[in-house]
Amino acid sequence: MDVNALKRLKEQERENAELKELLAEGMLKNRALEGVCEKAVSQEGRRAGAKAVEEHGAPKYIRSDNGTEFIAKIVQEWLRREKIKTI
C-alpha cells in the first residue's frame, strides 16, 4: 500500500470512529426518550382505563396491538390487577 492509501485509510478509520460515537450517543438519547414517552403514554392510558372501568366495569378482554402503551410494565400490572386479558 502506498503512503496516500495509508493516509486515506487512517482518515476513514478516524471518521468511522466518530460516526460510531455519534450513533451510540443517538441510540442512548433515543432509549431515554422512549422511556419518557412510555411513562407518559402509560399514565394517560391508566387514567383513561381506570375511568372506563369505574364507569362501565372491567371487560374480560381488551384488544392490544402490543404498542408501547400495552407493553409498559405498569400497564401490564394494572391489567392484571383488574383481571383484564389482552387479545
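Here's what I pulled together on the structure shown here. Quantities reported herein were computed from a predicted structural model and do not represent experimental measurements. (Residues numbered from 1 in each chain as written. Predicted model: local features only at pLDDT ≥ 70, side-chain atom pairs only at ≥ 80, totals over all residues. Heavy atoms only, no water.)

Brief notes about the overall build of the protein
Okay, so step 1: Along the protein, the regular secondary structure elements total three helices and two strands.
Okay, so step 2: Put simply, the protein has 87 residues, and 13% of those count as buried.
Okay, so step 3: Of the roughly 7500 Å² that the protein leaves accessible, carbon and sulfur atoms contribute 57%. (Helix = DSSP H or I, 4+ residues; strand = E, 2+ residues; numbered from the N terminus. Buried < 20%, exposed > 50% of the residue type's maximum accessible area, 1.4 Å probe, protein only. Areas by Shrake-Rupley, 256 points an atom, 1.4 Å probe, with all protein chains shown as cover.)

Quick notes on a nonpolar patch on the surface
Okay, so step 1: Residues Met1, Leu6 and Leu9 make up a contiguous nonpolar surface patch of roughly 330 Å² in combined accessible area.
Okay, so step 2: Mapped onto the elements, leucine 9 comes out in helix α1 (residues 3-56).
Okay, so step 3: Using a relative accessible area of 36% as the deciding quantity, one classes leucine 9 as partly exposed. (Patch = residues over 30% accessible without salt bridge, like charges linked within 9 Å, V, L, I, M, F, W, Y side chains within 5 Å. Salt bridge = Lys/Arg side-chain N within 4 Å of Asp/Glu carboxyl O.)

Some points on the nonpolar core
Okay, so step 1: Core analysis: the biggest nonpolar cluster contains five residues, these being Val53, Val75, Trp78, Leu79 and Ile84.
Okay, so step 2: A total of three residues in this core trace back to one element, the largest contributor, which is helix α3 (residues 73-81).
Okay, so step 3: The residues contacting isoleucine 84, other than those within four sequence positions of it, are Val53, Ala58, Pro59, Lys60, Tyr61, Ile62, Trp78 and Leu79. (Core = buried A, V, L, I, M, F, W, Y, C linked by side-chain atoms within 4.5 Å. Contact = heavy atoms within 4.5 Å.)

Digging into the pattern of salt bridges
Opposite charge on two side chains permits them to pair, given that their charged atoms come into close proximity.
Okay, so step 1: Scanning the entire structure with this criterion turns up three salt bridges.
Okay, so step 2: A salt bridge links lysine 10 to glutamate 13; its shortest N-O distance comes to 3.9 Å. Of the two residues, lysine 10 and glutamate 13 are both situated in helix α1; the distance of three residues between them amounts to about one turn of the helix.
Okay, so step 3: Each member of the salt-bridge network shares a partner with another, and the members are Glu11, Arg14 and Glu18.

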